[in-house]
Every structure is written in C-alpha cells, then in structure tokens.
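Tertiary structure, described
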Amino acid sequence: LAEALVRHAGSTAGNLGLSAGSIRTGLTTAIDSDRDIPKCKGTTAQLCSNGHTQSSNSSTDDEDDFDNESIGNESPCNNLTSNLSSERCLSINKLLEEQHLKWWPRNGKDTTTNATPPPPHSATATGDGRTKLWEGREGYNIEAFNQINGIWPLGHPLPLPDWAADEEANKGVLYFDSVWQYEDLSAIIETKLQRMLEETHYDTVHLFVAFYEAFKRTRRSDLKSFYQFYDIPINRRDHMCVSLAMEIMARIVELFPILEQYLYIVSCEEQVVALREYIETAEDVGGLNSTHANVEKEHAMVAMKINIAGRDGVLILDPGYHVGRCVTVMKDQNYPHTGWFTQSKEAHLQRDYCYTYSKYSPMYVEWKEREIRGDESQYKSSLVYVAQPYVTAIDVTVRRNLVYNFRSLLSRDAKGRVYAGIYLPIVANSNEAHFTMFYEGLNSEQRVKVKFMFNVFKQNNKIPENVQQHIEKLAPQLNMSIKELSRLLTSLAEAVMDQGFIQQVLAINEDIGNMSAEN
C-alpha cells in the first residue's frame, strides 16, 4: 500500500468490464478531517524487532509467523531532508544533469534528429526547482505518479493492473561513467530511505478502519459493490507499500529533481510458485493486464534503471518491507551488485533477502527470501516487474490490501527493524477476534508483547485498565497520543466485531486468493 485521475479504458470483445473513465469513481488524496494535520515528531529509542507479512498467495499467515518476522512512526511533514552536505548534493546534482544531457538519446529517443532532451528540472518542479510530487503537507500530486484506474471486468475480483505504455511515460536509464559516481548517489539515497523508515509507519489499520466507516455511512448491505466504487484515500500519514514508495520518491526528488525522470513505481507478485510458468503464461495470454493472467500484484516498490560503465542494472527501494538498503541489482551480478543480505535476525529466525534478474526474462527481478530456523532453511521467491512503470498501484495494490486478512500498524528504526506496533488477523468469528500489542520495555533487551480479545472494548464502552496501561506505553513508540491510539483501537474493535462486514471482507479476499492460486 490517489487522485481523480481517470483513464478512458474501453471494453474489448471477450473482456467486458467496467470502464474506469465512465463508471468507476476516481482515486483520491482526501484525508479524514476528524484527524489532526500531521506534525513533525522525533523518533523514540532504537528498539526491538518483529515483523509483517503481506502475501495473500498463502492464507497460512498467523501471529506466530508474524512474531518471527521483521515487524512505525507517523506524521510526516514537508522537507524532512536529512542534514546532508549541500556541497555534496550540489556536486551530485551537477553530475546527474551532465549525464542526463549526455546520455538521454540512448534512452530510446530519436537520435536522428537534434531534439533537445527534457530539461533537468521536470515540468512538475516549481520555479525554484523543488518537486511537486507532494500536494501540500498531507497529500501527493498523483498526476506526477501517473496513477489511473484499471479496467474492472465483470466477475473479476480486482481491477486489471496496468503499466505505462507510451514512450513519454516510460523512464530512462541513468548512466554512470564509473562505480564511484553511482556509489555517491546511492549512499545519499540510502540515508534518505533510512531517515524515512524512522519517520513513517507501515500502517494498514487506519486504511481498514476508514474503509469500514465509509461503508457504514452508505447504509448499504452489499460490500462487494461498495468495494468496487470506493474512493481510496491516500495521504502522508497512513502508509502501506504504495504511499511509502511515493514518499521516498518525493524525498529523493526534493534533493535531486532530475531523478523524477528516472525513478518509478514497480509491481510485485509475492510468493510465486513457478517462476517460469508465471512469466510465460503472462506473455502467452496477452500480458499481465489480461483477465487470464490472474495476477493480484499485492506489493509495490521503487525502481530506477541504471548503467554503470556499460553494465546494466536496476536500483530497488522497498520501504514497504522495511528494507533499509539501497539495493543494487546488476545483470552480471558483479559489484556493486548487493547480493544476499540479512534483513532481520532473531534468536529463532534469520531472514535473508536477495534480488537478481530473472533467468527467464530480463523484464523481471526475482526477489528471493530465505528463512533460517536452526538447521533448516526455507526459500520463497517473488517477481518484481521492472520493465514499465506501474500505473495502477493505488487502484489494484492498495484496493487488494483493503480486504486482506491481516492488519498491522508498525514502527521501524533506521535499519528497518520493527520495534513497536499492533497486529491482528481478520477472523470470521467475532468472538475470536483479537489483537497483539508489542513495544520496547524499560531497556533495549526487553520487549513486551500482550494479546487481548476485541470484546474487551464492548464492556461498558470503556477501555479496561489493564489494556489502557499498555496503550499508554505503546502510544509514544508509535508517535501517537494516548487518546488517538485509544480511539483507533475502539474504532478497529467496532469493525472487526461487525460479523456481517467481516464475512464479506473474507469472501472477497478468498475470491482474490482463488483467482491467483496457481501463481
């Protein structure tokens, strides 16, 4: 895991569906007016670890699994630039502009004419060169991210994903004459990324509560039809993978405006069972945006195509999975290729990641995950489609996440280590609905983790004292007020205890899972 951008998408024979332009509502950046405008807040102490999963290809995720994973910080504001050397940034900006002017004809443009490449400061920059990827303090300029609504065929559980097709929307390759030029840039990008991890949450709880409250306001009974027409709120407070991708892009472009023409959002299919079959099937059935491709694209990242002294590669940023590294994927797998690295390490579990170009197609990067428990290792693979910018990240990926059967609100440190938060499974029986709170105790070696049933909130409409005590300790580590966190949990309890709503959520989630089961 946002604006009134609507693309005309006519129906074709054999693919009759809802037209994004004529029927479905647009994307929105509107925020809940009942909540405070975000304020800048400092981060708490560096803390312990826990994790989140976001794969709907497997319905076996439970809280024991979650507890073993690498498990956020709210309220961003404009210009959260780290104290980086202005002289160094100016030097890199100058280099980037020189490389842009020098190499732009190699980026698929017409080299037979004397056409001038796009200017270093893009059309979405202000007069002083600052980016307009942000829309005020709390929103994003979704037009700058080329986000649209996808076609939604009748009977299909999700809109069809789509990618930028025309040459103007595709991003170029950023060329570097030497490795050290790339290293200078990637070091600053990594600093920005780590700062952002500290200052933001991974948060699918607020989005879920907003979805429920919007549904109840309509006084409708059919969630499925509401789900199709729901305006998805995207803002700079309630982040899942898509808005985290937008946030890091905006922060980087604020420093280096030229990179707006190179950075782009990419889609990811998680835990693909058969990599070759997935890629070949997608090509055989007419592309990933075909009804027969059966993809759900439940995750999104940021990518930038690079070439270092004649060697092709891609830069990957994944704040949605708390990755605090600027990952470099080289086709030849030579330096500065990142290779395997440890994402999280606990006494009972180590999780390692590795990103490589797929041997089946250069349009994909394979994201490998290795879980080590004692002497046993398990491997999972996901596919990141890096060939084109992903333009339905909000309409498909965020919408898909709205009905996923797991929710979390997580704080991370600069290295992507999750140290405080809330997580919960969405269960059919409201009497079994529960949530877990975890946070750092009195010292960095102590972690408190407690589980409560949601029905405790139904007793005299008052939060029990034993729950309130934990809320008071957790709230500061989530950079939330005690009142705000209490109100959120109360609203969340109302949603998960509404059995009619939850049963419909799980039914939609199951439909999506069945659609993509063969992937």
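Residues numbered from 1 in each chain as written. Predicted model: local features only at pLDDT ≥ 70, side-chain atom pairs only at ≥ 80, totals over all residues. Heavy atoms only, no water.

1. Brief notes about helix 2 (residues 86–103)
A rise of 1.5 Å per residue sets the reference length of helix 2, with its 18 residues, at 26 Å; its end C-alpha atoms lie 25 Å apart and thus fit the reference within 8%. By the burial criterion, the buried members of helix 2 are Cys89, Ile92, Asn93, Leu95, Leu96, Gln99, His100 and Trp103. The buried residues of helix 2 occupy an angular sector of 165° when the element is viewed end-on, so they sit on one face. Turned more than 90 degrees away from the buried face of helix 2 sit Ser86, Glu87, Leu90 and Lys94, all of them exposed. Buried residues along helix 2 sit against strand 5 (174–176), helix 3 (179–199) and helix 6 (241–255). (Helix = DSSP H or I, 4+ residues; strand = E, 2+ residues; numbered from the N terminus. Expected span 1.5 Å × (residues − 1). Buried < 20%, exposed > 50% of the residue type's maximum accessible area, 1.4 Å probe, protein only. Arc of directions from axis to C-beta. Contact = heavy atoms within 4.5 Å.)

2. Details of the packing of helix 3 against helix 6
Interhelical geometry of helix 3 versus helix 6 gives an angle of 135° and a closest axis separation of 10 Å. Between helix 3 and helix 6, the crossing angle belongs to the class labelled oblique. Relative to helix 6, the crossing made by helix 3 is right-handed. Residues Ile188, Ile189, Lys192, Leu193, Arg195, Met196 and Glu199 of helix 3 lie in contact with helix 6, whose contacting residues are Leu244, Glu247, Ile248, Arg251, Ile252, Glu254 and Leu255. Each residue belonging to the contact of helix 3 with helix 6 can be placed in one class, and the counts come to 8 nonpolar, no polar and 6 charged. (Axes fitted to C-alpha atoms, helices over the stretch in contact; angles between N-to-C directions. Parallel < 35°, antiparallel > 145°, perpendicular 65-115°, else oblique. Left-handed = near helix turned anticlockwise from the far one by under 90°. Nonpolar A, V, L, I, M, F, W, Y, C, P; charged D, E, K, R; others polar.)

3. Structural notes on the environment of Glu247
As for its position among the elements, Glu247 is in helix 6. Overall, Glu247 belongs to the buried group, its relative accessible area being 0%. As a C-alpha pair, Glu247 and Met196 span 51 residues in sequence and 8.2 Å in three-dimensional space. Separated by 2.7 Å, the side chains of Glu247 and Arg236 make a polar contact. Within polar-contact distance, the side chain of Glu247 engages the side chain of Arg251 at 2.9 Å. (Polar contact = N/O pair within 3.5 Å; in protein donor to acceptor, adjacent residues only side chain to side chain.)

4. So, empty space enclosed by the protein
The computed volume of the second largest cavity comes to approximately 110 Å³. Lining the second largest cavity are 14 residues; nearest its centre among them are Phe145, Asn146, Lys171, Tyr264 and Ile265. Within the lining of the second largest cavity, the residues separate by chemical class into 10 nonpolar, 2 polar and 2 charged. (1 Å grid on protein atoms, 1.4 Å probe; cavity = no way out; pocket = protein on both sides within 12 Å on 5 of 7 lines; lining within 4 Å. Points joined across faces, edges and corners; volume = space filled by probe spheres on them.)

5. Topic: the packing of helix 4 (residues 205–218) against helix 11 (residues 499–515)
Contact pair helix 4 / helix 11: the axes reach a minimum separation of 12 Å and the direction vectors enclose 115°. Crossing of helix 4 over helix 11 shows right-handed handedness. Residues Phe208, Phe211, Tyr212 and Phe215 of helix 4 form the contact with helix 11, whose own contacting residues are Phe501, Ile502, Gln504 and Val505. Each residue belonging to the contact of helix 4 with helix 11 can be placed in one class, and the counts come to 7 nonpolar, 1 polar and no charged.

6. A closer look at the pattern of salt bridges
Across all of its chains, the model carries 15 salt bridges by this definition. With a shortest N-O distance of 2.5 Å, Glu199 and Arg195 are connected by a salt bridge. One end of the pair, Glu199, and the other, Arg195, are both in helix 3, 4 residues apart, so they sit about a helical turn from each other. Residue class for Arg195 comes out partly exposed when judged on its relative accessible area of 29%. With a closest N to O distance of 2.5 Å, Arg351 and Glu371 form a salt bridge. With Arg351 in strand 12 (residues 350–357) and Glu371 in strand 13 (residues 364–373), the pair connects residues that are 20 residues apart, well separated along the chain. Here Glu371 falls in the buried class, since its relative accessible area comes to 5%. (Salt bridge = Lys/Arg side-chain N within 4 Å of Asp/Glu carboxyl O.)

7. A look at the environment of Arg487
By secondary structure assignment, the location of Arg487 is in helix 10 (residues 482–496). Residues Arg487 and Ile463, 24 residues apart in the sequence, show an inter-C-alpha distance of 9.9 Å.

8. Quick word on the nonpolar core
Core analysis: the biggest nonpolar cluster contains 125 residues, and Leu185, Phe256, Leu259, Ile422, Met437, Phe454 and Leu485 have the highest contact counts within it. With 11 residues, the single largest contributor to this core is helix 6. Setting aside its immediate chain neighbours within four residues, Phe256 contacts Cys89, Ile92, Asn93, Leu96, Leu185 and Ile188. Formed by 19 residues, the second largest nonpolar core is a distinct cluster that contains Val314, Ile316, Tyr353 and Val386. (Core = buried A, V, L, I, M, F, W, Y, C linked by side-chain atoms within 4.5 Å.)

9. Describing unusual backbone geometry
Excluding glycine, residues mostly carry a negative phi; peptide bonds, for their part, are mostly trans. The residue after Tyr335, namely Pro336, is reached through a cis peptide bond having omega 15°. The phi torsion at Asn146 lies on the positive side, around 60°, for a residue other than glycine. By relative accessible area, Asn146 is classed as partly exposed at 34%. At Gln271, a residue that is not glycine, the phi angle is positive and equals roughly 50°. Relative to the helices and strands, Gln271 resides in the loop between strand 7 (264–269) and helix 7 (275–284).

10. Some details on the packing of aromatic side chains
Across all of its chains, the model carries 29 aromatic pairs by this definition. Consider the rings of Phe176 and Tyr182, whose centres lie 5.5 Å apart with planes at 80°: the pair is edge-to-face. Residues Phe176 and Tyr182 agree in their burial class; the two are buried. An aromatic cluster is present here, built from Trp152, Phe208, Phe211, Tyr212, Phe215, Phe226, Tyr227, Tyr230 and Phe501 joined pairwise through their rings. In this structure, Lys331 is placed above the aromatic ring of Tyr357, and the distance from its NZ or CZ to the ring centre is 5.3 Å. Between Arg370 and the ring centre of Trp340, over which it is positioned, the NZ or CZ distance is 4.1 Å. (Phe/Tyr/Trp six-rings, centres within 6.5 Å; stacked < 30°, edge-to-face > 60°. Lys NZ or Arg CZ within 6 Å of the ring centre and 35° of its normal.)

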